[in-house]
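# Observations on the three-dimensional arrangement
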Amino acid sequence: RYPTAGHMSADLRRFVDRHAISARRIGVPGRVVRWAKRRPALAAALSALLILAVAAGTLAIRNRQAQEKIRSGQLALIQSQQQLGRELAMSGDFRAARDSLEQLRELDADEGETSLLEGLILLNEGKADGARRAFLAARDVMPNDRLDIRLLLAAAQWELGRYAAMSLTLQGAN
């Protein structure tokens, strides 16, 4: 820390007189370098572990980003399949609509959305009771404020002649 003994002597006088001294403690990087020189094998092993930890963390982040990209692509596919299924059900192509519904189930789409599509297919096939059950299942797993579910459920209840239940459904009470 001192280039000569004279510098050290002057610093000791400043210390005794309670003045600022020129010598300072070696910083953390300097201590790490000195420690690594005293224990090179241990320093190399710890360095290797640090490099492996950083590499593993980087790979984990990249893997997660890739999974998110795949999932967002899968979500886009699910949404387009749902739209296609609704359009097919409304147009009367029930076989193709059911194929779309099966593809949604294979894609592990949301249970509420698949129940909603199933109910729409059944309602357009004239199977109001089955449609009502499917809409009720969708309502049970989806947010209660979904107007489309309430309207479709009301349509199924209308077809079944359940006018009081239809009225309550439209009011949001059932």
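See the structure shown above.
Okay, so let's go over this structure. (Residues numbered from 1 in each chain as written. Predicted model: local features only at pLDDT ≥ 70, side-chain atom pairs only at ≥ 80, totals over all residues. Heavy atoms only, no water.)

### Some words on the nonpolar core
Keep this limit in mind: For this analysis, a nonpolar core means a set of buried residues of the types Ala, Val, Leu, Ile, Met, Phe, Trp, Tyr and Cys, connected via side-chain atoms within 4.5 Å. Here's how the labels work: a residue is buried when its accessible area is under 20% of the maximum for its type, exposed when over 50%, partly exposed in between, all with a 1.4 Å probe on protein chains only. Helix and strand definitions follow DSSP, with helices as H or I runs of at least four residues and strands as E runs of at least two, each counted in order from the N terminus. In this description, contact between two residues means that some pair of their heavy atoms is separated by no more than 4.5 Å.
Judged by nonpolar contacts, the single largest core of 23 residues is most densely connected at Leu116, Ile121, Leu123, Ala131, Phe135 and Leu152. At the level of elements, α3 (40-91), α4 (94-106), α5 (111-125), α6 (128-141) and α7 (147-159) are the ones that each hand at least two residues to this core. Top contributing element to this core by residue count: α5, with six residues. Discounting residues that sit within four places of it in the chain, Phe135 has contacts with Leu116, Gly119, Leu120, Leu123, Ile149, Leu152, Leu153 and Ala156.

### Details of α7
Note the cut-off: The length a helix should cover is 1.5 Å for every residue beyond the first.
With 13 residues, α7 extends 18 Å between its outermost C-alpha atoms, agreeing within 8% with the 18 Å of an ideal straight helix rising 1.5 Å per residue. Those residues of α7 not exposed but buried are Ile149, Leu152, Leu153, Ala154, Ala156 and Gln157. Packed against the buried residues of α7 are α5, α6 and α8 (163-171). Remark: Gly161 follows α7 within two positions and exhibits a positive phi of approximately 80 degrees.

### Quick notes on the pattern of salt bridges
Definition in use: Should a side-chain nitrogen of Lys or Arg be within 4 Å of a carboxyl oxygen of Asp or Glu, the pair is scored as a salt bridge.
On inspection of all chains with the given rule, the structure shows seven salt bridges. Here Glu68 ties to Arg64 by a salt bridge, and the two come within 3.2 Å at their closest N and O atoms. In this pair, Glu68 and Arg64 both sit in helix α3, four residues apart, roughly one turn of the helix. Glu125 serves as the salt-bridge partner of Arg98, at 3.0 Å between the closest nitrogen and oxygen.

### Here's the deal with a nonpolar patch on the surface
Here is the rule we go by: The residues that make up patches have over 30% relative accessible area and no salt bridge, and they are joined within 9 Å when like-charged or within 5 Å when they are Val, Leu, Ile, Met, Phe, Trp or Tyr. Accessible surface area values rest on a Shrake-Rupley calculation with a 1.4 Å probe, where residue burial reflects the displayed protein chains alone.
Taken together, the side chains of Leu42, Leu46, Leu49 and Leu52 define a hydrophobic patch exposed on the protein surface, amounting to about 390 Å² of accessible area. Within the element layout of this structure, Leu46 appears in helix α3.

### Comments concerning unusual backbone geometry
Even without a glycine there, the phi angle at Arg18 is positive, about 60 degrees. Locating Arg18 in the fold gives a position in the loop between α1 (5-16) and α2 (28-38). With phi around 60 degrees, Asp108 is a residue other than glycine that occupies positive phi space. Relative to the assigned elements, Asp108 resides in the loop between α4 and α5. Relative accessible area serves as the criterion here: at 64%, Asp108 is assigned to the exposed category.

### What about the packing of α3 against α5?
Let me state the cut-off plainly: Fitting a line to C-alpha atoms yields each axis, with helices limited to the stretch in contact; the angle taken between N-to-C directions then spans 0 to 180 degrees. An angle below 35 degrees is read as roughly parallel, one above 145 as roughly antiparallel, one from 65 to 115 as roughly perpendicular, and any other as oblique. Gly falls in the polar group here, along with every residue not listed as nonpolar (Ala, Val, Leu, Ile, Met, Phe, Trp, Tyr, Cys, Pro) or charged (Asp, Glu, Lys, Arg).
In the contact formed by α3 and α5, the axes pass within 9 Å of each other and the chain directions differ by 10 degrees. With respect to α5, the element α3 is oriented roughly parallel. Residues Gln82, Gly85, Arg86, Ala89 and Met90 of α3 lie in contact with α5, whose contacting residues are Glu113, Leu117, Leu120, Ile121 and Asn124. Classifying every residue of the contact of α3 with α5 by side-chain character gives five nonpolar, three polar and two charged.

### A word on the packing of α5 against α7
In plain terms, the rule: The hand of a helix crossing depends on one turn: near helix anticlockwise from the far one by less than a right angle means left-handed, and clockwise means right-handed.
Where α5 contacts α7, the two axes come as close as 11 Å, and the packing angle between them is 30 degrees. In terms of orientation, α5 and α7 fall into the roughly parallel class. Handedness of the α5/α7 crossing: left-handed. In contact with Leu116, Leu120 and Leu123 of α5, α7 contributes Asp148, Ile149, Leu152, Ala155, Ala156 and Glu159. Its residues assigned to classes, the contact of α5 with α7 shows seven nonpolar, no polar and two charged.

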